[in-house]
Each structure stands twice: as C-alpha cells, then as structure tokens.
Amino acid sequence: MEIERPDGRSPNQLRPLACSRSVLHRAHGSATWAQGDTKVVAAIYGPKSGTRKNENPEKASIEVVWKPKIGQIGKAEREYEMILKRTLESICIRSIYPNTTTSVIVQVIHDDGALLPCAINAACAAFVDAGIPLRHLAVAICCSVADDGYIFLDPNKQEEEKMKAFSYLVFPNLNVSVLPERSSQEGGEPTAHGIITSVTHGAMSVDDYLHCLERGRAVSARLSEFLRKNLEPKSSSESSRAG
Amino acid sequence: MEQRLANSWRQTINEKNFIVTALLSELRVDGRRPFDYRKLSIKFGKDDGSSEVQLGHTHVMAIVSGQLLQPYKERPNEGTLAVFTEFSPMADPSFEPGRPTESAVELGRIVDRGLRESRAVDTESLCVLSGKLVWAIRIDIHILDNGGNLVDAANIAALAALLTFRRPECSLGGEDGQQVVVHPPEMRDPIPLIIHHLPIAVTFGFFSNENIMVIDPTHHEEAVMTGRMTATVNANGDVCSIHKPGGEGVNHRVLMHCMKLAHVKAGDITAKIKDAVEIYNTQRALRKIKRHSSSVALDVGGTPAKSGEKESQVDGSHLHQSKLKDEPSSMECDATSSGQEQNDKRDGVSQKFIGGPSSWDPYSECVNSDLLKASLASHGPATHRQQKGSRSETKAEVPPQEMKIDSSPTDAGLVAVQNNEGKTLKDAVKPKNKRKKKKVSSNTGN
C-alpha cells in the first residue's frame, strides 16, 4: 500500500521547523515559529496591572488576541483565542502575579496547515523570551487520520482538507535532563503530566484517536529537543525588559 | 502609581531635551544625519502579493488579495482598490485591539490617496465584465512593530506587495459571453497588476526650533516633534499628495526644501523596491521552470514515487534544505515510535524505519554538511522502501555542485536551471549554519 504524501514526507515526518526569538523591539517578548510554510509571530506584553471583569483577581490572567492574515476576526479566530488562552494558563505559574494581565498577540503570517499548534509553540517561545516564569514548556503537534486509518503527522493545508479527521495535541515539554552531554534517546519515561490540550476536527474512531496520542507523544520528544535547543543559548545573556 | 503602566510609555523630560539639543548640532540619537533614512529591508512571503518591510526597528507586513465583485455604479468599468490598516497590539503597548484609532485611519488614507488618486494602479484593466464583475483589490497592512514612521514603511510594503501580486487570469465564456471563467494558477499563469508609477511617501518631522527638520523620525523623535508632513512623490518628480495635518507652522522655504528632498529620497527608495521585486521575480520564475521540468519528467514515465519525489526535490532550495535537515529528525522519530508501537496496522509503515535508535543527534553542533550527506548516503541502501532509497540516492548526488536533471523541456531552460541550481544548491548546502547564525544574530541584536 502506498503511503504517499504530496510533498514526499513520510507519515511520521515533520515539516522543517524554524524558530527565532526577539524579533520585535517594542514587545516584551516575541518569537516566530514556522513549520514548513505555516508561519506565526507571537508577541507578549505584560504583566500589566488590573484584570478584566470576569477574571479571577487572585491569579494572573492571560488575554489573547489572534490576528488573521486577511480580514476581520470571526468565530474561528475567537475559538483559537480561547484555546490558546486556556493552554497558556495551564503552563503559566499564575499565583506569582495576582491581579495582572499578560497580553499575547498572535499574528498569522502564512497558513499552510497545523496553524493552531504553530501558534501555541510560538506563544510558548515568546513567553520564554519575555522572561515570564512557566511551570513547564508546551509543544503542540497536529495528527491527522486518513480514510484508511493511517495517521499522518503535521499535515499541510491540502492534506488537512483531504483527511477524514485531525487533532491538535499539546503535550508538556518532557522532563528530560538538560545536561550538556547528550545521551541519545535515553529520555526514560516522561514524567507523565499528561495531555494539556486536545482539539479534534472530524470523526475518528477511539482507536484512531489513541494512536494519534501515541504518535503525538513520540514526536513531542523531538519537538521538545528542538525547542530546548533554541531556548538554551539565549537564557544566559537574557536581560530584563522594562519596556 | 498609574494603573496599566505597561500600556503607556511616557518620555522623560531629559530624553526630550537630549533629542532636541542633539538636533541643534545636526546629530540624531541613533547616529544618523537629519536627512538620512534608516536601513530598509524588503522581503517577500511565499504567496504572491505578501511583503514584509523593515525600516530600522519598524516592521510592517502587507498582504494583497483580489476578489471578483460588483463595481461601483458610477464606475462600471473600473476595478476597486481598498486599503485596510491594522495597528496590531503587538506593535506598541498603547495600541488596543478593536476599532482603528485615528492614526490608523490616517495612515490608511495616506496610502490610499497616494495609490488611488494618482492612478498608480491601473483600475480599468481590472474590469472583467462591465457593470457586473470587476476585480476588487484589497491591501491589508499589518503593523507588527512600531519603531516610528509607520507611514513610509506601510507605503513601501503596500507597493512591494502590489508589484508582486498576481491575479488569476479569467476569460469570458458561455453562449452569450457573459460567464466568467477563472483559470486556476496551475492551468494558466496568473498575471500581475499594471502599476504605472510608484508613489513613495516621505515623512518629515519639525521641531519647535524652526530650522530643525528630520526625515524618517523614530518613535522617540515622534514623541518630541511638534509638526509633521508626509509628501508622496514619485521618481518622476510628480507630487501625488501632501499631508500636513496641523502642527507647527512652517516657513514655505522650508517646505520647498522638503519637496526637493522628497524627490531625491523617492528615487532612492524606488530603486530599492524595484531591485527587491526583481530578485523575487527571478526566484519565482525559477520555481516555475523547475515545476515544469518535473512535470515533464512525470510524462516521460518515471514511477510516480520517483517523480513526485523529484518534484519535491527540485521545488525550491528551501525544501531541499528542509529534506536534509528533516531526514535525521524523521529517522530518529521513526526509531522511537517503532520502539513504542506494537500495532499490526503499522507494519507496512514500520518497514521503512531504521531499526534501533540512531545515535546521531543533528542538533548537537553545526552539522558538517559533507558529513551529513555521507551519512545519509550510507543510510540509504539499508532501508527497504524504494522511495527512501531513491531519495537518498539523489541526495548522494548533491555533493557535486551541479545537479543533472534527466529530462527538460529545452536545453536553454536546462542550462539556466543548472547554473542557478549550482547557486541555489550552495545556499541549500549551508542551511543549518545560516539558520544558527540567524538565531545568534537575533540574540546579539538584542
């Protein structure tokens, strides 16, 4: 059986990742994240004092603004904002800055599939760039299920449209030791914090979903490594931004 | 203590005095002379019609899109042009999401006036069916970073995006010639817009002392200056618009001086825009040639796997470099998941996995590209699947600087592609170093 993807990748292969931090000068923290052609810029401002009316003033709150490439904000963008907000709230240490608001602004530069995972990864990198304390990092991945049950990772837009179902999964960054010497795959069992976020589109069987989870968790190790690699050199020379 | 401190950036009196005093001796805070522009860089996105402009610290993105709509009643033969400005909250802590502020509206109007009233964009060529269907061109300007002088940067971004935008070709069909058929880009090449000239906006800042005038103010200077003027001029010396909204009264001699300066700057910037667009167009033409040559290969009768692979292989150097980079990541990923997966369904897939964890970590240091190719080539024969074998095989060909393409439409095309392949492959061969350097520079640029 031919498992053929239009751009020649294997089912488990991610598109090339690119991440750069501190791309903007006014924002307190900023990062771009690109997976293949999908590119997203995230910027962080905050924490600012005061929370909005229906937010809990005992904790730091996060406000997300999603800017699409063309046009006004619609229902889909509001949903993305909500998912992003809840995901980021679970990775931030909210008790440190009570009664403050941190603004996250996400701008879509190009959408070629797996947009929400890209945005989550970008926001996470931007948080690190801003120096806001986090409980742990998060990596997001998109798994799609084809009609015949095969699972493809990181689909691009064409593939997403053809697939029977796809799901966005966010895993915590594995608690692998960050020692300088690299032991190859000796990650050990992930200290199972579980799945942070899972959003599915389309109908898939329970088995398919569980397979998606396993594949996603396996790939999240690769993504975590990439993320840590990106974040390491900066952390020593980071200076606080007063804005 | 003020609420929402992070929202307001207040300039101190010391900063104000420093800027003004320095200007009295013709010095600016960032080391420029009063009539110098900051460094301008114009980049383009993957799609036609999207541009990113950086003018010093100011970062602006413009996207051009087109739709078939009904024309205005008064002008049934002309297409329409609309400019939408988004002052993204990421650009400045004082920008709020929601309704555009007056400065956003002002910026949109300046760009719009420069393009529409000077007839820079030919709207009559956008008419498809008179009175019924015309192309409505929409320019979305996103301000990503406010480092001052948003108008000029936004104008340049809009022009660059317009120059690279391509609209699908459409023809009239049907019995009465009233049906419009829009051809997809694969069938017929999309066509560019007709732009007669480039109206460049040049912004001046005036300070309380009459003789002080600067071009391209930064946001620190904008907070100090007492008057501003934006002159939209094209390289031929035509004045497309002058926008001086109130502020400090300025002597007419100073204004004439400004107009002459604007003319000179417009020439410079026009040249820069045209160069950047040239480079983009040649790259685009190359991508097209590669796409065509690969589709010919498909007809000639390689297996679908091979030709599909070929297309991805030739489809732009960045994809090639992505292959090089991702191959190791995919191999390692497959290894771990093959360890974890027990499922029968995946047996067909697992055949392509390289058994056992790979001890090669691509991210430990800047990877020597020769080492990369050699190891890839050595991994190639070990796999079962033919596709992977053919992929690594062609990778082993990469070391020779020229790539041989088996079939091609014309010899001339082949030669051109080969020469450029040599250039682009070199770029592709050093991708990791470039990327790492970019990250490092973004670190040090902080």
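Within each chain, residues carry numbers counting from 1 in the order of the written sequence. Just so you know, chain letters begin at A and ligand numbers begin at 1, following the order they were written in. Owing to the predicted nature of the model, reporting of local features is limited to residues with pLDDT of at least 70; listing and counting of side-chain atom pairs is limited to 80 or more, with chain, interface and lining totals taken over all residues. Derived side-chain values reflect all non-hydrogen atoms in the structure, with water molecules and hydrogen atoms excluded from consideration.

Draft legend 1. Seen up close, the UniProt feature "domain: Exoribonuclease phosphorolytic" (unreviewed entry) in chain A. UniProt positions are given in the numbering used here, feature names are shortened, and annotations may be inferred rather than shown by experiment. The UniProt entry lists residues 13-133 of chain A under the feature "domain: Exoribonuclease phosphorolytic" (unreviewed entry), expressed in the numbering used here. Strands are runs of DSSP state E lasting at least two residues, helices are runs of H or I lasting at least four, and both sets are numbered from the N terminus onward. Note that residues 13-133 of chain A is 27% helix and 35% strand, and that its end C-alpha atoms are spaced 32 Å apart.

Draft legend 2. Seen up close, the pattern of salt bridges. All names here are of chain A. Any Lys or Arg side-chain nitrogen found within 4 Å of a carboxyl oxygen on Asp or Glu counts as a salt bridge. In the structure shown here, the tally under the stated rule is 28 salt bridges over all chains. Among the salt bridges present, the one from R15 reaches D112, with a minimum N-O distance of 3.8 Å. Taken together, the residues R15 in the segment before β1 (17-21) and D112 in the loop between β5 (100-110) and α2 (115-130) connect sequence positions 97 residues apart. Note that R21 is salt-bridged to D129, the shortest N-O span being 3.7 Å. Of the two residues, R21 is situated in strand β1 and D129 in helix α2; the sequence distance between them amounts to 108 residues. Taken individually, R21 and D129 each receive the classification buried, so the pair is uniform in this respect. Each of E55, K85, E89 and R94 takes part in salt bridges that share partners, so that together they form one network. Note on exposure labels: buried denotes an accessible area under 20% of the residue type's maximum, exposed denotes more than 50%, and partly exposed covers the range between, all computed with a 1.4 Å probe on protein chains only.

Draft legend 3. Seen up close, the UniProt feature "domain: Exoribonuclease phosphorolytic" (unreviewed entry) in chain B. The feature "domain: Exoribonuclease phosphorolytic" (unreviewed entry), as annotated in UniProt, sits at residues 37-168 and 197-263 of chain B in this numbering. Helix makes up 23% of residues 37-168 of chain B and strand 37%. Its end C-alpha atoms lie 36 Å apart.

Draft legend 4. The arrangement of the state of the cysteines in detail. When two cysteine sulfur atoms are found within 2.5 Å, that pair is recorded as a disulfide. Counted under the stated rule, the structure contains 0 disulfides over all chains. Distance from the sulfur of C142 of chain A, which forms no disulfide, to the nearest cysteine sulfur (C143 of chain A) is 6.6 Å. A residue is classified by how much of its surface remains accessible, and C142 of chain A, at 1% relative accessible area, is buried. Looking at the unpaired C258 of chain B, the closest cysteine sulfur is the one in C240 of chain B, lying at 17 Å.

Draft legend 5. Layout of the environment of E58 of chain A. Residues and elements named next belong to chain A. With respect to the element layout, E58 can be found in the loop between β3 (38-49) and β4 (61-67). E58 sits in the exposed class, given a relative accessible area of 63%. For the pair E58 and N99, spaced 41 residues apart in sequence, the C-alpha separation works out to 5.8 Å.

Draft legend 6. View of the sheet that holds β4 of chain A. Residues and elements named next belong to chain A. A sheet is described by the order of its strands in space; here 5 strands give the open sequence β1-β2-β3-β5-β4, paired in mixed fashion. Both outer strands of the open sheet, β1 and β4, are each paired with one neighbouring strand and no more. The average angle at which neighbouring strand axes cross in this sheet is 15°, direction not considered. Here β1 runs beside strand β2 (residues 29-35); their pairing, made up of 5 bridges, is antiparallel. The residue bridging C19 from the neighbouring strand is W33, located in β2. By definition, residues are in contact when any of their heavy atoms lie within 4.5 Å. With axes taken as lines fitted to C-alpha atoms, and helix axes fitted only over the stretch in contact, angles between N-to-C directions fall between 0 and 180 degrees. Running at roughly 145° to β4, helix α1 (residues 75-91) makes contact with β4 and β5 of the sheet. Should DSSP find at least two bridges between two strands, the strands are regarded as paired.

Draft legend 7. Layout of empty space enclosed by the protein. All names here are of chain A. The distinction between a cavity and a pocket rests on a 1 Å grid over the protein atoms alone: a 1.4 Å probe fits inside a cavity but cannot get out, while a pocket stays open yet meets protein on both sides within 12 Å along at least five of seven lines, and a residue with an atom within 4 Å of a point counts as lining. Grid points are joined across faces, edges and corners, and a volume is the space filled by probe spheres set on the points. According to the stated counting rule, one finds 12 cavities of 30 Å³ or more in the structure shown. Space inside the largest cavity adds up to approximately 100 Å³. Along its surface, the largest cavity is lined by P47, A60, I62, C92, I93, R94, Y97, T102, F127, I132 and P133. Along the lines of polarity and charge, the residues of the lining of the largest cavity split into 9 nonpolar, 1 polar and 1 charged. By the convention adopted, Pro, Cys, Tyr, Trp, Phe, Met, Ile, Leu, Val and Ala count as nonpolar, Lys, Arg, Asp and Glu as charged, and the other residues, Gly among them, as polar.

Draft legend 8. Structural view of helix α1 (residues 13-24) of chain B. All names here are of chain B. Here the expected span of a helix is defined as 1.5 Å times the quantity of residues minus one. Between its first and last C-alpha, α1 extends 17 Å over 12 residues, near the 16 Å set by a 1.5 Å rise per residue. Tucked inside the fold, the buried residues of α1 contact β12 (213-215) and α4 (219-224). One or two residues past the end of α1 sits E26, with phi positive at roughly 60°.

Draft legend 9. Examining the sheet that holds strand β7 (residues 151-153) of chain A more closely. Residues and elements named next belong to chain A. Overall, antiparallel pairing links the 4 strands, which are arranged β7-β6-β8-β9 in an open sheet. In the strand order of this sheet, the two ends are held by β7 and β9 (197-202), each with one partner. Neighbouring strand axes in the sheet, compared pairwise and without regard to direction, differ in orientation by 20° on average. Lying over the sheet, α2 contacts β6 (138-145) and β8 (165-172), oriented at roughly 170° with respect to β6.

Draft legend 10. Geometry of the pairing of strand β4 (residues 80-87) of chain B. Residues and elements named next belong to chain B. Most of β4 is tucked away, with 6 of its 8 residues classed as buried. Note that β4 and strand β6 (residues 133-145) share 8 bridges and pair parallel. The residue of β6 that forms the bridge with L81 is I137.

Draft legend 11. Summary view of the confidence of the model for chain A. All names here are of chain A. pLDDT runs from 0 to 100 and stands for how confident the predictor is about each residue. Counting all residues, the mean pLDDT for chain A is 83, and 86% of those residues have values of 70 or more. Mean pLDDT across the secondary structure elements of chain A bottoms out at helix α4 (residues 206-236), with 82, and peaks at β2, with 94. Confidence drops under a pLDDT of 50 for residues 177-192, and excluding neighbours within four residues, the segment shows 15 contacts in the predicted structure. Predicted confidence is poor over residues 236-243, with pLDDT under 50, and the contacts of this stretch with residues over four places away or in other chains come to 11 contacts.

Draft legend 12. Summary view of the packing of aromatic side chains. Pairing of aromatic rings covers Phe, Tyr and Trp, the last counted by its six-membered ring, and requires centre-to-centre distances within 6.5 Å; plane angles under 30 degrees mean stacked, over 60 mean edge-to-face, and any other angle means tilted. Enumeration over the complete set of coordinates arrives at 5 aromatic pairs over all chains. Centroid distance W33 of chain A to F226 of chain A: 5.6 Å. Interplanar angle 90°. Geometry classified as edge-to-face. A residue pair is termed long-range when its members are at least 10 positions apart, and W33 of chain A in strand β2 and F226 of chain A in helix α4 qualify at 193 residues. F226 of chain A shares its class with W33 of chain A; the two are buried. Summarising the aromatic geometry, the rings of F87 of chain B and F95 of chain B are spaced 4.8 Å apart at their centres and angled 40° between planes, so their arrangement reads as tilted. Note on accessibility: F87 of chain B and F95 of chain B belong to one class, buried.

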